[in-house]
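Descriptive analysis of the structure
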Amino acid sequence: MVDEILVGKKLATEHGLTEQEYAWILERLGRVPTITELGIYSVMWSEHCSYKNSIAVLKTLPREGEALLVGAGDENAGLVDIGDGLAVAFKIESHNHPSAVEPYQGAATGVGGIHRDIFTMGARPICALNSLRFGSLENNRVRYLFDGVVRGIGDYGNSFGVPTVAGEVYFDPAYEGNPLVNAMSVGIVKTDATASAIAEGAGNKVFIVGSATGRDGIHGATFASEELSEESEKKRPSVQVGDPFTEKLLLEATLEALAEGVVVGIQDMGAAGITCSSCEMSAKGNAGMRLNLDHVPVREPDMTAYEIMLSESQERMLLVCVPEKEEILQNIFKKWDLHAVCIGEVTDTGRVQVKYQGVQVADVEADHLVLGGGAPIYDRETSRPRYLDTTSLLPEVGDVQPDEIEQILEILLGAPNIASKQWVFEQYDTMVRTGTVFGPGYGDAAVVRIKGSDKALAVTTDCNGRYVFLNPRKGGQIAVAEAARNVVCAGGKPLAITNCLNFGNPYKPEVYWTFEEAVGGMGDACKVLNTPVTGGNVSFYNENPEGAVFPTPTIGMLGLIKDVEAHATQSGFRQAGDRIYLLSPQSWNFRTQIQEIGGTEYLYTYHGLTCGDAPHLDLREEQSVQSAALALINEGVIQSAHDISDGGLLVALAECVLFKDDIGADVKLSPRGEYRLDALFFGEAQSRILLSAHPSDSEQINAIVAKHPEVQLTALGTVKETPKFSVTIDDQQVMCSLVSAMKDVYFGRISEYMERAT
């Protein structure tokens, strides 16, 4: 027995379990676990499934709101009531580690998995978004990863038939060896037609539906719960293989089965496959399952019970059906040419009992395996990162001269973080299903119509990892605030968020301190902006031998536009003669200092520095600016709205003239007091929005702004019919560029990089 325990301890360590965790398993089972049980525990107690290192912190986030129909983490996705008997299911998740070793399939299966989370809720996906991070485009391997990820997202999404409408792409050496690939899906469901990931009713039948089971993806959950290394390339079997055409059939069959009322509970087989679905559904229903793996359709010979239970083969679901409706269920899936095979039944034992080839290979307590049950919960050691002592110091940087402004703007417009991502989104079908009002590039958030109503959703993803690196708490606040600001600029009222928290190794105290601070900042912003957290995903271990990625808490924001025809708002200027305004907090003025270039794209791109503090943000001011902007948009007096973010005021103004032919802008600034040109033009202070409006509406605009005393409106200039962008300060013209030349740089730079031989 001692020898068995020692061998088991060694195997447990190889499976990613600690010696203490293995001791807990021995104590609970009262015996040495079988190899299949050890595999089950290893994936269920991995960070990817159990959130053992993060759940204590996540519980500090605001997770309740009047519009939320399910609690955060209670189901496969968040569910938000938008009125008229409809709800929105939405969620964002990571597929970072698979994409690092097999970018095409890693990204493709990330898209497939997040869509399944949505339609297992009973919702039909109406759009997809993503958030991507890579190293420098100067690097051949980075271009290979970038190309593979984008093709994977595009090919899967286009074939599945759901538009990819928005996203973001950042490049920084911090992500060199560990790209981030976060995928988001949004769906619509009637509030009385939602499904739950639950097993209940002893005697009810357990079905596996969809594709056959293979060896792909085995231990994908544990693979996602360790740092990347040179050995990671050898773990390509841990990367799943997707089939979007089968997923499309699975979508239709699943929604039909739910509509027919034959499904008691259903869950996607994502991380950990049959293991996760059977254990989590059983634990949620205070039930158990008796499974016979001999009945599982497999596509490879001689698969073991361990492999079948842990396989993460794609396009599969586990569902529970009452016995008298089995034939109806099977006929539905047969019509869609998919497997629907009974592999067991629900019990009242609270245990998941698994047989294969006449042998019981597993008998485990469901509740002991899951988050909220017996899965470990840790409070990790924290320590403020020492690097902050260095990065917080902003060296003396000389101000720019007026004759340098035009050149610097051109450099920034061509910087990969600012340049148009047209090369990316042209590979996506953004208009399939005909619900897309604004796709990529036309608004600060995408706008997708809710068919059969006047409403639309405004959706976006957002995070600046550099800000979080320099000031984790403020960076977390800005991620939420800017996502909400983007939704407001598109005409939507922010409702709720989902999040994908990408960080390094949680066992490193400095990483965990950063995680706690960033989550705390997110919570600060969500409380002030009234955007509760519906759920999401934590992705730790985003490290490579060179170090951790920038801490990147990606925010997926959902907003509602009640009248899409009247209130959906684009970011670019619309017509010559319109006046240009800056909406900002009362406290912001044109007197700028060197501190205001800290953390900016300008400081990084032009001076090669990542240092200083994250940009200024006051959450109460942010809320006031958003409230005023939304009031103006809802009154119908605003032609365009665009928030000032990466690149600062001058880049934002330039972007407003790039998306429409034959217009330009004449901007005249009259700063009072002392100021720095670089901070004035390229500082990234938050809570500022550029607006354009017809001159005849100026009186009404001023009246509306007067009702919001915390904000101010500053006239900046006029939209011109001549396609030139000119800027004057105190009667001195500092630049006058042809819009066509700016477009060449802005729209062409990413393509130039990707046309290089790899």
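Keep in mind that what you see is a predicted model, and the values were worked out from it rather than measured. Throughout, a residue's number is its position along its own chain's written sequence, starting from 1. Given that the model is predicted, a residue must reach a pLDDT of at least 70 before its local features are reported, and side-chain atom pairs must reach 80 or more before they are shown or counted; all residues, however, enter totals for whole chains, interfaces and linings. Side-chain figures throughout are based on the complete set of non-hydrogen atoms in the structure, without hydrogens or water.

**Quick notes on helix α13 (residues 326–335)**
For α13, the full list of buried residues reads E326, L329, I332 and F333. Seen along its axis, α13 keeps its buried residues to an arc of 130 degrees; they face one direction. Relative to its buried face, α13 has exposed residues pointing more than 90 degrees away, namely E327, K334 and K335. Between two residues, a contact is recorded if the distance between any of their heavy atoms is within 4.5 Å. Secondary structure follows DSSP: runs of H or I at least 4 residues long count as helices, runs of E at least 2 residues long count as strands, and numbering of each begins at the N terminus. Looking at the packing, one finds that the buried side of α13 touches β6 (205–210), α10 (244–259), β9 (316–321) and β10 (339–347). A positive phi of about 60 degrees marks D337, the residue just after α13. Each residue gets one of three labels from its accessible area relative to the maximum for its type: buried under 20%, exposed over 50%, partly exposed in between, using a 1.4 Å probe on protein chains only. This arc is taken over the directions from the axis of the helix to the C-beta atoms.

**Digging into the packing of helix α8 (residues 140–160) against α10**
As a rule, the C-alpha atoms of each element are fitted with a line to give its axis, helices using only the stretch in contact, and angles between N-to-C directions run from 0 to 180 degrees. Close contact between α8 and α10 brings their axes to 8 Å; oriented N to C, the two are set at 40 degrees. With respect to α10, the axis of α8 lies oblique. Seen from above, α8 lies across α10 with right-handed handedness. Only P244, F245, E247, K248 and L251 of α10 make contact with α8, whose side of the interface consists of D155, Y156, S159 and F160. For this classification, the nonpolar set comprises Ala, Val, Leu, Ile, Met, Phe, Trp, Tyr, Cys and Pro, the charged set comprises Asp, Glu, Lys and Arg, and every other residue, Gly included, is treated as polar. Here the contact of α8 with α10 is built from residues that sort into 5 nonpolar, 1 polar and 3 charged. An angle below 35 degrees is read as roughly parallel, one above 145 as roughly antiparallel, one from 65 to 115 as roughly perpendicular, and any other as oblique. The handedness criterion is simple: a crossing whose near helix is rotated anticlockwise from the far helix by less than a right angle is left-handed, and one whose near helix is rotated clockwise is right-handed.

**Some remarks on the environment of D117**
In this structure, D117 sits in helix α7 (residues 103–119). Owing to a relative accessible area of 6%, D117 belongs among the buried residues under this scheme. Once residues within four sequence positions are removed from consideration, D117 is found in contact with N76, A77, K91, E93 and D268.

**Overview of the sheet that holds strand β4 (residues 164–171)**
Strands are labelled as partners when DSSP assigns at least two bridges between them. Here we have 5 strands laid out as an open sheet, ordered β1-β2-β5-β3-β4, and mixed in their pairing. Looking at the sheet topology across the chains shown, the edges are occupied by β1 (78–83) and β4. Between one strand and the next, the sheet's axes are offset by a mean angle of 15 degrees, whatever the strand orientation. Taken together, the 9 bridges between strand β3 (residues 124–134) and strand β5 (residues 180–190) define a ladder with antiparallel strand orientation.

**What about the pairing of strand β11 (residues 351–356)?**
With 4 bridges joining them, strand β8 (residues 288–292) and β11 adopt parallel strand pairing. In the strand pairing of β11, R290 is matched with Q353. Of the pairings in the sheet, the one linking β11 to strand β12 (residues 359–365) comprises 6 bridges and is antiparallel in character. Counted as the bridge partner of Y356 is V359 from β12. Connecting the antiparallel pair β11 and β12 is a turn made up of 2 residues, with Q357 showing a positive phi of about 55 degrees.

**Considerations on the environment of F160**
Summarising the element assignment, F160 is placed in helix α8. Put simply, F160 and G242 are 82 residues apart on the chain and 11 Å apart in space, counted from C-alpha to C-alpha. Dropping the residues within four chain positions of it, F160 is found in contact with H115, F119, P125, P244, E247, K248 and L251.

**Let's talk about the pattern of salt bridges**
Salt bridge, as applied in this entry: a Lys or Arg side-chain nitrogen positioned within 4 Å of an Asp or Glu carboxyl oxygen. In the structure shown here, the tally under the stated rule is 37 salt bridges. D613 is paired through a salt bridge with K474; the nearest N and O atoms lie 3.0 Å apart. Of this pair, D613 sits in the loop between α22 (601–607) and α23 (619–634) while K474 sits in helix α19 (residues 472–489), and the two are 139 residues apart along the sequence. For D613, a relative accessible area of 36% puts it in the partly exposed group. Among the residues examined, K474 registers a relative accessible area of 17% and is labelled buried. A salt bridge links K668 to D666; the nearest nitrogen and oxygen atoms lie 2.6 Å apart. One salt-bridge network, held together by shared partners, links K91, E93 and D117.

**Let's talk about unusual backbone geometry**
Phi is positive for Q357, close to 55 degrees, though the residue is something other than glycine. Here Q357 shows up in the loop between β11 and β12. Residue classification places Q357 among the exposed positions, given a relative accessible area of 58%. Phi is positive for T434, close to 60 degrees, though the residue is something other than glycine. Position of T434 among the secondary structure elements: in the loop between α17 (422–425) and β13 (436–438). The class for T434 is exposed, based on a relative accessible area of 62%.

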